[in-house]
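Below are the chains, spelled out letter by letter.
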Amino acid sequence: MTSKGPLRDPAHRVSPKARRLWLLQAAIGFVLFVGGSAVVAGWLGGSGWSWVPSWLAARSWLLPLVVGVVLTPFLAAEPFIRYAVHRWELSGDVVYARSGFLTREWVFVPVSRIQTVDKGQGWMERLLGLATLEIRTASHAGSSTIKGLDFEVAAGLAERLAHRAEELRDDAT
């Protein structure tokens, strides 16, 4: 099969609540990075080590400030860009998923190759009513993960995939 043009977008977006999940995760990362840089700045400022430049030791507060300024655009934009990019579709006998924030990944998983379908929830996902669907095949390269689905959508899709995979295996024997 050859392609006659660019790949079309999968039909379904992830849940709009996924933006809140990704914003919460980005905010936690932001606090950890800025807090960590504040600890390092306090350590450098009072160290008195000769290898630390005197301007940095005198202005060590600049380190967390610079880290915060550099990370703020990512904190603000990343959840919305991820939401625009992450999509999925069950089309005929293929699961088609697109994901990626900095690098894009398109994955086509033939339903006949599916070995297991798992849905999972981390504590933040559970808090927001979201789930992650993991579709596994014998080959790691053929497996897919769809993050940011509403729990009910993930449960329904997992059930449909499991039933359809079983039907296709029964047809092949």
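In this text the structure is predicted, and so the values were computed from the model without any measurement. (Residues numbered from 1 in each chain as written. Predicted model: local features only at pLDDT ≥ 70, side-chain atom pairs only at ≥ 80, totals over all residues. Heavy atoms only, no water.)

1. Some remarks on a nonpolar patch on the surface
Taken together, the side chains of L24, I28, L32, W123 and L127 present a nonpolar region at the surface, about 540 Å² in accessible area. Within the residue set of the nonpolar patch, elements represented by two or more residues are α1 (17-45) and α4 (123-128). Examining the composition of the nonpolar patch, we find that 3 residues originate from one element, α1, more than from any other. Residue position: I28 is located in helix α1. (Patch = residues over 30% accessible without salt bridge, like charges linked within 9 Å, V, L, I, M, F, W, Y side chains within 5 Å. Areas by Shrake-Rupley, 256 points an atom, 1.4 Å probe, with all protein chains shown as cover. Salt bridge = Lys/Arg side-chain N within 4 Å of Asp/Glu carboxyl O. Helix = DSSP H or I, 4+ residues; strand = E, 2+ residues; numbered from the N terminus.)

2. So, the sheet that holds strand β7 (residues 144-150)
Two modes of strand pairing occur in sheets, parallel and antiparallel, and in both the strands are linked by backbone hydrogen bonds. The sheet built from 3 strands is open, its strands ordered β5-β6-β7 with antiparallel pairing. The sheet terminates laterally at β5 (114-120) and β7, the two strands that pair on one side only. Direction aside, neighbouring strands of the sheet carry axes that sit 20 degrees apart on average. Pairing geometry for β5 and strand β6 (residues 130-137), over 6 bridges, is antiparallel. Its bridge partner being in β6, V117 is matched across the sheet by I135. (Pairing = 2+ DSSP bridges. Axes fitted to C-alpha atoms, helices over the stretch in contact; angles between N-to-C directions.)

3. Focus: the packing of aromatic side chains
Applying the stated criterion across every chain, the model contains 1 aromatic pair. Aromatic side chains Y96 and F108 sit 4.4 Å apart centroid to centroid with 10 degrees between the ring planes, which places their arrangement in the stacked category. Here Y96 is found in strand β3 (residues 94-99), whereas its partner F108 is found in strand β4 (residues 105-110), with 12 residues between them in sequence. Y96 sits in the buried class, given a relative accessible area of 5%. Judged by its relative accessible area of 43%, F108 is partly exposed. The positively charged end of R19 is found above the aromatic ring belonging to Y83, 4.3 Å away from the centroid. (Phe/Tyr/Trp six-rings, centres within 6.5 Å; stacked < 30°, edge-to-face > 60°. Buried < 20%, exposed > 50% of the residue type's maximum accessible area, 1.4 Å probe, protein only. Lys NZ or Arg CZ within 6 Å of the ring centre and 35° of its normal.)

4. Quick notes on the sheet that holds β3
The antiparallel open sheet is built from 4 strands, whose spatial order is β1-β2-β3-β4. Only two strands of the sheet have a single partner each, and these edge strands are β1 (12-13) and β4. The sheet contact formed by β1 and strand β2 (residues 87-91) spans 2 bridges and is antiparallel. Bridging across to β2, R13 finds its partner in R87. Contacting β1, β2 and β3, helix α3 (residues 62-85) runs over the sheet at an angle of about 155 degrees to β3. (Contact = heavy atoms within 4.5 Å.)

5. Observations concerning empty space enclosed by the protein
If you walk through the whole model with that rule in mind, you get 1 cavity of 30 Å³ or more. If you add up the space inside the largest cavity, you get close to 30 Å³. Considering the residues around the largest cavity, the lining is formed by V14, H86, R87, A97, R98, S99, T145, I146 and K147. Contributing elements (two or more residues each) for the lining of the largest cavity: β3 and β7. (1 Å grid on protein atoms, 1.4 Å probe; cavity = no way out; pocket = protein on both sides within 12 Å on 5 of 7 lines; lining within 4 Å. Points joined across faces, edges and corners; volume = space filled by probe spheres on them.)

6. Quick word on the confidence of the model for the protein
Taken residue by residue, the protein gives an average pLDDT of 87. The fraction at 70 or more is 91%. Per-element confidence in the protein ranges from a low mean pLDDT of 76 for helix α2 (residues 54-58) to a high of 96 for α4. (pLDDT = per-residue confidence, 0-100.)

7. Quick word on the pattern of salt bridges
Scanning the entire structure with this criterion turns up 7 salt bridges. Its salt-bridge partner being R82, residue E78 comes within 3.1 Å of it at the nearest N-O pair. With a gap of 4 residues between them, E78 and R82 both fall in helix α3, about one helical turn apart. As far as the burial class goes, E78 and R82 line up, both buried. Three or more residues joined by partner-sharing salt bridges are found here, namely D93, R164 and E167.

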